[in-house]
Amino acid sequence: MEIIDTYSSVRTAYDSSGFSFERWKRYIDTALPGLCSKLVSDAKNAIGTGEFSEDDYLSVLNLPASESDLLEAAHGSFLKATENLDDKIKKCFGRSPDVTVAFYLGLCNGAGWATEYRGKTAILLGIEKILELNWCGVDDMRALIYHELGHAYQKQYGILNRDFEKAEDSFLWQLFTEGIAMCFEQTIVGDPGYWRQDKNGWKEWCENRFEQIKKDFSSDLKTMTPSTQRYFGDWVSYNGRGDVGYYLGGRFVRFILSSCDFDEIIGFDIEKVREMFGKFLREG
């Protein structure tokens, strides 16, 4: 695992008037060589234009310069979340995925972006978006990193991405893979009851409605679409709560772990996942 911390050079992307795109290009070419064109292309696609203009993002891009306390807090959390991280993963799982984790100033490409960089998986932590969302605490930083590492672990040592003809299989697979990432995250934290989403009584609410969530997800699978699914993401709502699919997925994979090893689970095919989901509905 490679950890890249560009905190010490972030301020070189600014001049006396604030964020400078030309200075940023020099900064990124030094900090993460070869990534500039990917970041610029992603920023262009996000606003649907053929050119990048810092004016489209300026209020967010200037946050690292104007919110120094938040920047310091985010960096401190990054250091804590990544301290001895490779060793922690190896202690928990016996091996660690070959990934790059970078704390960097992007072009509003995302607070956490799992992509490819120099031939391997990279988890890019966009400082400007982290500050905008105020995800500067250790729990938020762990969530950004550990969850994506769970996906990277399954991708490298098992099978993460599969193609399905039926939407029902796609959403069941999503439940399964998000559950694997949640359990991976919990294992590194050292608490199987840890849920990063647990704010304003979220965990207790899910626990109290667990059986109903199982039944509803199973029923919804038959007609679920990307626009109607109500389980994955804090922007959708299952009876007034977001991210409920991550809770259900975590409970699902914990159920499987009662009879299978983690490294066996990450190689499951959809037929095995369907079989285990049926058992989960009856016995979980």
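Structure report, in brief. On a predicted model such as this, the values are computed, not experimentally measured, just so you know. (Residues numbered from 1 in each chain as written. Predicted model: local features only at pLDDT ≥ 70, side-chain atom pairs only at ≥ 80, totals over all residues. Heavy atoms only, no water.)

### Quick word on the overall build of the protein
Of the regular secondary structure elements, the protein holds 14 helices and six strands. Whereas a compact globule of 284 residues would reach a radius of gyration of roughly 19 Å, the protein reaches 20 Å, a difference of no more than 12%. Along the longest, intermediate and shortest principal axes, the C-alpha atoms of the protein span 65 × 40 × 35 Å. Burial analysis of the protein (284 residues in total) assigns 50% to the buried set. Looking at the protein as shown, the accessible area adds up to about 13100 Å², and 44% of this sits on carbon and sulfur atoms. (Helix = DSSP H or I, 4+ residues; strand = E, 2+ residues; numbered from the N terminus. Rg over C-alpha atoms; globule rule 2.2 N^0.38 Å. Buried < 20%, exposed > 50% of the residue type's maximum accessible area, 1.4 Å probe, protein only. Areas by Shrake-Rupley, 256 points an atom, 1.4 Å probe, with all protein chains shown as cover.)

### Considering the sheet that holds strand S5 (residues 113–117)
Within the open sheet, the four strands sit side by side as S1-S4-S6-S5. Their pairing is mixed. With one partner strand each, in any of the chains shown, strand S1 (2–5) and S5 form the two edges of the open sheet. The sheet shows a mean angle of 25 degrees between the axes of neighbouring strands, taken without regard to direction. Here four bridges tie S1 to strand S4 (residues 99–104), and the two strands are oriented parallel to one another. Bridging across to S4, Ile-4 finds its partner in Ala-102. Relative to the sheet, helix H8 (residues 138–157) contacts S4, S5 and strand S6 (120–126), its axis offset from that of S6 by approximately 170 degrees. (Pairing = 2+ DSSP bridges. Axes fitted to C-alpha atoms, helices over the stretch in contact; angles between N-to-C directions. Contact = heavy atoms within 4.5 Å.)

### Comments concerning the nonpolar core
Among the nonpolar cores identified, the biggest contains 94 residues, and Trp-24, Leu-125, Ile-130, Met-141, Ile-145 and Phe-176 are the most heavily contacted of them. The element contributing the most residues to this core is helix H9 (residues 167–189), with ten residues. (Core = buried A, V, L, I, M, F, W, Y, C linked by side-chain atoms within 4.5 Å.)

### A short note on the packing of H9 against helix H14 (residues 270–283)
For the pair H9 and H14, the least separation of the axes is 10 Å and the interaxial angle reads 75 degrees. In terms of orientation, H9 lies roughly perpendicular with respect to H14. Contact residues: Asp-169, Leu-172, Trp-173, Leu-175 and Phe-176 in H9; Ile-270, Val-273, Arg-274 and Phe-277 in H14. Residue composition of the contact of H9 with H14, grouped by class: seven nonpolar, no polar and two charged. (Parallel < 35°, antiparallel > 145°, perpendicular 65-115°, else oblique. Nonpolar A, V, L, I, M, F, W, Y, C, P; charged D, E, K, R; others polar.)

### Overview of the state of the cysteines
A complete count under the given rule lists zero disulfides for this structure. The closest cysteine sulfur to the non-disulfide-bonded Cys-92 is located on Cys-183, 12 Å from its own sulfur. Its relative accessible area of 36% is what places Cys-92 among the partly exposed residues. Here Cys-206 stays free of any disulfide, with the sulfur of Cys-183 as its closest cysteine sulfur at 15 Å. (Disulfide = S-S within 2.5 Å.)

### Description of the environment of Glu-283
Summarising the element assignment, Glu-283 is placed in helix H14. Classification of Glu-283 as exposed rests on a relative accessible area of 55%.

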